[in-house]
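A look at the structure
One-letter residues, chain by chain:
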Amino acid sequence: MLTMKRRSMICLLVLLTIGLLSVKLTPRDKLEEVCNDKIPLSICANKTQHRLEENALENEDKKHVVREAKRIAIYYGMVMVTFINKAFVPFLTNWMCHTDKMVNYSQVLVLVTDKSVYRDISAQYPSLTVVYISVFEEMNGRQKYCTAGFMRIGIYRTRVVNWLIQENIPVFLFELDALWVSNPVSFVTSKKEYDLTIIPTYEKSFEAAIGFYFMRNTTRLKRFWAELVHRLDALDATFSCLHNEDLVRSNHNDHIQLMELILEHYRNVVIYFLPLNRFLDGKWYKNPNTEQLKNAFILNFNFIIGIQEKIERAKRFGHWFVADDHVTCVRPSVESNKE
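Heads up: these notes are all about the structure in this document. Counting of residues starts from 1 at the beginning of each chain's written sequence and follows it residue by residue. This being a predicted model, a pLDDT of at least 70 is required before a residue's local features are given, and a value of 80 or more before pairs of side-chain atoms are given or counted; all residues contribute to the totals for chains, interfaces and linings. Each side-chain value is worked out from all heavy atoms of the structure, with water and hydrogens disregarded.

Here we take up the packing of helix α8 (residues 219-238) against helix α9 (residues 254-264). It is at 10 Å that the axes of α8 and α9 come closest, and there the two elements cross at 135 degrees. One way to sum up the angle between α8 and α9 is to call them oblique. In the crossing of α8 with α9, the sense of the turn from one axis to the other is right-handed. Of the residues in α9, those in contact with Phe 224, Glu 227, Leu 228, Arg 231, Leu 232 and Leu 235 of α8 are Asp 254, Gln 257, Leu 258, Glu 260, Leu 261, Ile 262 and Glu 264. Partitioning the contact of α8 with α9 into residue classes produces seven nonpolar, one polar and five charged. Between N-to-C directions, angles span 0 to 180 degrees; the directions come from axes that are lines fitted to C-alpha atoms, helices contributing only their stretch in contact. Strands are runs of DSSP state E lasting at least two residues, helices are runs of H or I lasting at least four, and both sets are numbered from the N terminus onward. In what follows, roughly perpendicular refers to angles from 65 to 115 degrees, roughly parallel to angles under 35, roughly antiparallel to angles over 145, and oblique to any angle outside these ranges. Put simply, a crossing is left-handed when the front helix is turned counterclockwise from the back one by less than a right angle, and right-handed when it is turned clockwise. Residue contacts are counted whenever heavy atoms from the two residues lie within 4.5 Å of one another. Side-chain classes follow a simple rule in which Ala, Val, Leu, Ile, Met, Phe, Trp, Tyr, Cys and Pro form the nonpolar group, Asp, Glu, Lys and Arg form the charged group, and the remainder, Gly included, forms the polar group.

What follows is about the packing of aromatic side chains. Only the six-membered ring of Trp is used, alongside the rings of Phe and Tyr, when aromatic pairs are assigned; centres must lie within 6.5 Å, and planes under 30 degrees apart are stacked while those over 60 apart are edge-to-face, with the rest tilted. Tallying each qualifying case throughout the model produces 19 aromatic pairs. Seen from their ring centres, Phe 91 and Trp 320 are 5.7 Å apart, and the 85 degrees between their planes marks the pair as edge-to-face. With Phe 91 in helix α4 (residues 89-98) and Trp 320 in the segment after α11 (307-316), this pair connects stretches of sequence that are 229 residues apart. Like Phe 91, the residue Trp 320 is buried in the burial classification. Grouping aromatic residues by their ring pairs yields a cluster made of Trp 95, Tyr 105, Phe 172, Phe 174, Trp 180, Phe 187, Phe 212, Phe 279 and Phe 297. Sitting over the ring of Phe 187, Lys 191 keeps its end group 4.1 Å from the ring centre. Throughout, exposure labels follow a simple rule: accessible area from a 1.4 Å probe, protein chains only, divided by the maximum for the residue type, with under 20% read as buried, over 50% as exposed, and the rest as partly exposed. By definition, being over a ring means that NZ of Lys or CZ of Arg is both within 6 Å of the ring centre and within 35 degrees of the ring normal.

This next bit is on the sheet that holds strand β6 (residues 196-200). Sheet strands pair by backbone hydrogen bonding; their relative direction is either parallel or antiparallel. Paired strands, as defined in this entry, are two strands with at least two bridges between them according to DSSP. Pairing within the open sheet is mixed, and its seven strands lie in the order β3-β2-β1-β4-β7-β6-β8. The sheet terminates laterally at β3 (129-132) and β8 (271-273), the two strands that pair on one side only. When strand polarity is set aside, the average angle formed by the axes of neighbouring strands in this sheet is 30 degrees. Where strand β1 (residues 79-84) and strand β4 (residues 171-173) come together, three bridges link them in parallel fashion. The partner of Val 79 across the bridge, within β4, is Val 171. Lying on the sheet, helix α3 (residues 60-76) is in contact with β1, β2 (108-112) and β3; it crosses β3 at an angle near 170 degrees.

Once that is clear, we can look at the side chain of Thr 93. With respect to the helices and strands, Thr 93 occurs in helix α4. Taking relative accessible area as the criterion, Thr 93 reaches 4% and is therefore assigned buried. Setting aside anything within four residues of it in sequence, one finds Thr 93 in contact with Tyr 125, Val 322, His 326 and Val 327.

Residue Arg 267 is not a glycine yet carries a positive backbone phi of 55 degrees. Along the chain, Arg 267 falls in the loop between α9 and β8. For Asn 268, which is not glycine, the phi dihedral falls at a positive 55 degrees. Within the secondary structure, Asn 268 is located in the loop between α9 and β8. Classification of Asn 268 as partly exposed rests on a relative accessible area of 48%.

Attention now moves to the environment of Ala 69. Take Ala 69: it is sitting in helix α3. A relative accessible area of 0% places Ala 69 in the buried class. Residues Ala 69 and Val 79, ten residues apart in the sequence, show an inter-C-alpha distance of 6.1 Å. When residues no more than four places from it in sequence are discounted, the contact partners of Ala 69 are Val 79, Leu 109, Leu 164 and Ile 169.

This part is about the environment of Val 110. Among the secondary structure elements, Val 110 is positioned in strand β2. The exposure class assigned to Val 110 is buried, which follows from its relative accessible area of 0%. Residues Val 110 and Ile 121, eleven residues apart in the sequence, show an inter-C-alpha distance of 9.5 Å. Excluding residues that lie within four positions of it along the chain, Val 110 makes contacts with Thr 82, Ile 84, Ile 121, Leu 128, Thr 129, Val 130 and Val 131.

With that settled, consider the state of the cysteines. Two cysteine sulfur atoms form a disulfide, by the criterion used here, when they sit within 2.5 Å. Tallying each qualifying case throughout the model produces two disulfides. Between Cys 97 and Cys 329 runs a disulfide, and the two sulfur atoms are separated by 2.0 Å. Looking down the S-S bond of the Cys 97 and Cys 329 bridge, the torsion is -75 degrees, so its handedness is left-handed. Here Cys 97 is found in helix α4, whereas its partner Cys 329 is found in the segment after α11, with 232 residues between them in sequence. A relative accessible area of 42% places Cys 329 in the partly exposed class.

Let's shift gears to the pairing of β3. Burial along β3 is two-sided: the face carrying Thr 129 and Val 131 and the face carrying Val 130 and Tyr 132 are both buried. Inspection of the sheet shows β2 paired to β3 by four bridges, in the parallel sense. Pairing of Val 112 across the sheet is with Tyr 132, part of β3. Looking down the strands as they point away from you, a crossover is right-handed if its path from the first strand over the helix to the second goes clockwise. Read as a crossover between parallel neighbours, the route from β2 over helix α5 (residues 115-124) to β3 is right-handed.

Below, the structure is given as structure tokens:
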């Protein structure tokens, strides 16, 4: 007889296999070059704390975010949410330039970490709902992968999403550093029997790309996400004395914590893993396939380190729709995939 735990794991394996289709999983990339896996776990014991305490979040920011999200959800049944800091503004411009005939911007809530950016994009894109979140201000610059600042952004973003889901607001979270070939919203939100719809990764079995997902406001999912926030708060404490630019361990991130909850089958949450042949990651650029891209929903700009590096690669492949003045939209060919 199979134990309950073993049956749960078998079910999860079946779901993952369905979502992955025929994509092969490979060993996890080595991150030692950019991370600091030798840092002691007790490094911040009895030291000055730089972490964001929960009571700092319970303020006007939360009220404003929830109020605007509820207003959108009343009309559309969910809210599309994305976060940007000052360094990410070029990706917002690029996304707006190539999705103008594709996306209903009235569904989109943009959460901004910089007052000047808030003013600028509110004026430039009146169809978007833009909210300034003051608690992110200290992480407004470019945060490199595996730094404490980079990890904190992921942790705090998960907390903010928790504000919404605990208020019974379904959330479609996405990141702006991607090419949208066609609108993924209908496909992503159509999996009604699932609590969470999310992109897996190629080489990290059971790890999900936590920057793109749709979460339903089910009781299971709300408890699942509250537990994720609880674990991330504990993780935040382990490097709470470090400055944003300091390196942390490669497993000190929201992806790993989410993977562990999935492996535990926590609260029996039912997860749909989006097909990787239609939700492409940045490894596509290593072996570009134009026919595959035509049939995709999105192509993420990941698997390269650095904002400018992402932009330059997108330009080489005709995936950058912004002129050199950083404002005017241009129309490069999506199929001009030449290194």
